[in-house]
Amino acid sequence: MNFAIVINVYIDVNETHPNPFDHPTSLIRFENENTFMTTLESIRKLKTETTDSLRIYTVASATQQSSEFDELIREKISECFKDFPYNWLLFTNSDIRLLREKTGSAFLSEKGYPELRNVGFILPSIMGEDIIIQIDDDELLRPEYIVKLKEVLAEHPDKYLFTAPYEKNGTVRIKTEDPLKSWKKFSPMDRDMVRFYVESDKAKESLFGFGGNMALRREFAETVHYPLNIPRGEDFSMLLASRLVYENGNALAGIEKENKIFRSFFLPFEEMTIIHRPPSEAKKDFLNYFENNMNRFIMEWGIFIKQKGLTISKMNELSYYIKEMIGYEDFKEYIRPVFDELYEQYPSDQLDEMKSRLFSLIDNVAESDRWEEYKAEQKQYIESMKRIKTEEFKAQVLEYGSRTAVASGD
């Protein structure tokens, strides 16, 4: 079996400018501050069988979509792979752009989180990998991860996407206090974790999962893409979009409803629980954190509210968290008391423009049809994947991914 581990590394090349990533690694302080080396050390310790192949795909993306420092980034990342036991490929922003030009696939983009996750689907699929594992550069795999994953795949040949938890500060529980009484951002996640992990001993169907710990069959990666332009939380957006395809089908793409490829399952196994060690938290600037999240949830709500197959009640069965964040007929009615509480804590001049922006976004999303847009994009994505899965493009992926050094091992 051919396994691919895709690692996203976000590198800040201009710390004076805003960027779309929560906690990128500074390029100028890379040697002292990067968490990537520790992630690679965990991969070195993975237990694998001689009949299996493992290849590492590192997507090292500079902030602001810059390609000015790509050669330096290649040099620094390549040095981390010194004496590495597995085959590896490295892609920077310029590599992604060149591959987009060569293949003509608009889904090869370095714009933001969902676009880079799509890159992590596309490249291993072109290379013919059987199983794709997605992690970030601040996460550690346990030695038995692939051994356990193989057991899961053998036991569930009819399942295509699996998510598993993070362990942070010694626990999988999410004990962060909700920032507002009216915006329960964390407690529903903990309730999901309890029912899908603490109280379960088997794979359970769910909408709950983390993009930094996801394992899937190539067939899934060739048919589902991350909804574009989501500022953060792209993992939940993709799980939601996939479920909506399952519940509704997509006639544009020739997909009938209840196609089993589009279901996702949460795994409660310690062997596949990764250790999450982020260098910093995303919510230091709370109002910025809040607006980014609301932008994301409004856009996800816009996909959900236009379809008919997934009810709010069924959504609650699949994830308390997703239901709490977007399970509303009228999003304005949900968000108004949240702003009432914010006005009790922050000056109005810090909130008025944000409120106006978010209410305008709700209006725009309500007037459009993001569900129809996603279905059309999915059709384009599937057609693109069929077109670019050729030996020619496989050779180009190898060429661009191997430009800095010859990878060792297999």
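Use the structure listed above.
This section reports on the structure supplied with the text.

Thresholds, definitions, all that
- Residues numbered from 1 in each chain as written.
- Predicted model: local features only at pLDDT ≥ 70, side-chain atom pairs only at ≥ 80, totals over all residues.
- Heavy atoms only, no water.
- Helix = DSSP H or I, 4+ residues; strand = E, 2+ residues; numbered from the N terminus.
- Rg over C-alpha atoms; globule rule 2.2 N^0.38 Å.
- Buried < 20%, exposed > 50% of the residue type's maximum accessible area, 1.4 Å probe, protein only.
- Areas by Shrake-Rupley, 256 points an atom, 1.4 Å probe, with all protein chains shown as cover.
- Arc of directions from axis to C-beta.
- Contact = heavy atoms within 4.5 Å.
- Pairing = 2+ DSSP bridges.
- Polar contact = N/O pair within 3.5 Å; in protein donor to acceptor, adjacent residues only side chain to side chain.
- Axes fitted to C-alpha atoms, helices over the stretch in contact; angles between N-to-C directions.
- Parallel < 35°, antiparallel > 145°, perpendicular 65-115°, else oblique.
- Nonpolar A, V, L, I, M, F, W, Y, C, P; charged D, E, K, R; others polar.

1. Brief notes about the overall build of the protein
Phase 1: Check the secondary structure of the protein and you find 16 helices and 12 strands.
Phase 2: The globule rule puts the C-alpha radius of gyration for 410 residues at 22 Å, and the 21 Å found for the protein is close to it.
Phase 3: Seen along its three principal axes, the alpha-carbon backbone of the protein occupies a region of about 60 × 50 × 45 Å.
Phase 4: Per-residue burial over the protein gives 58% buried out of 410 residues.
Phase 5: Carbon and sulfur atoms make up 45% of the accessible area of the protein, which totals about 16,900 Å².

2. Quick notes on helix H2 (residues 36-44)
Phase 1: All of the buried residues in H2 are Phe-36, Thr-39, Leu-40, Ser-42 and Ile-43. End-on view of H2: buried residues confined to an arc of 155°, all on one side of the axis.
Phase 2: Along its buried surface, H2 packs onto strand S1 (2-12), strand S3 (53-62), helix H3 (70-80), strand S5 (131-136) and strand S6 (139-140).

3. Description of H3
Phase 1: All of the buried residues in H3 are Asp-70, Ile-73, Arg-74, Lys-76, Ile-77, Ser-78 and Cys-80.
Phase 2: Where H3 is buried, its residues touch S1, helix H1 (30-33), H2, S3, strand S4 (87-91) and helix H4 (93-103).

4. Considerations on the sheet that holds strand S8 (residues 166-167)
Phase 1: A sheet is described by the order of its strands in space; here 3 strands give the open sequence S6-S12-S8, paired in mixed fashion. Of all strands in the sheet, those bounded by a partner on one side alone are S6 and S8.
Phase 2: Of the pairings in the sheet, the one linking S6 to strand S12 (residues 274-276) comprises 2 bridges and is antiparallel in character. Across the sheet, residue Glu-139 finds its bridge partner in S12, namely His-276.

5. So, the side chain of Lys-76
Phase 1: Among the secondary structure elements, Lys-76 is positioned in helix H3.
Phase 2: Exposure remark for Lys-76: the relative accessible area of 16% places this residue in the buried category.
Phase 3: A polar contact of 2.6 Å, which involves the side chain of Lys-76, links it to the side chain of Glu-31.
Phase 4: Look past the residues within four positions of Lys-76 in its chain and what remains in contact with it is Leu-27, Phe-30 and Glu-31.

6. A word on the packing of helix H10 (residues 286-305) against helix H14 (residues 352-367)
Phase 1: At a minimum axis separation of 9 Å, H10 and H14 run at an interaxial angle of 10°. As far as their axial angle goes, H14 and H10 are roughly parallel. Between H10, through Leu-287, Phe-290, Glu-291, Met-294, Asn-295, Ile-298, Trp-301 and Gly-302, and H14, the contact on the second element is made entirely by Met-354, Arg-357, Leu-358, Leu-361, Ile-362, Val-365 and Ala-366.
Phase 2: Among the residues forming the contact of H10 with H14, the class breakdown is 11 nonpolar, 2 polar and 2 charged.

7. Looking at the packing of H10 against helix H13 (residues 331-343)
Phase 1: At a closest axis distance of 12 Å, the pairing of H10 and H13 adopts a crossing angle of 175°. As the angle between them shows, H10 and H13 are arranged roughly antiparallel. On the side of H10, the interface is formed by Phe-286, Leu-287, Phe-290, Met-294, Phe-297, Ile-298 and Trp-301, while H13 contributes Phe-331, Tyr-334, Ile-335, Val-338, Phe-339 and Leu-342.
Phase 2: Split by residue class, the contact of H10 with H13 holds 13 nonpolar, no polar and no charged.

These figures come from the coordinates and say nothing about function on their own.
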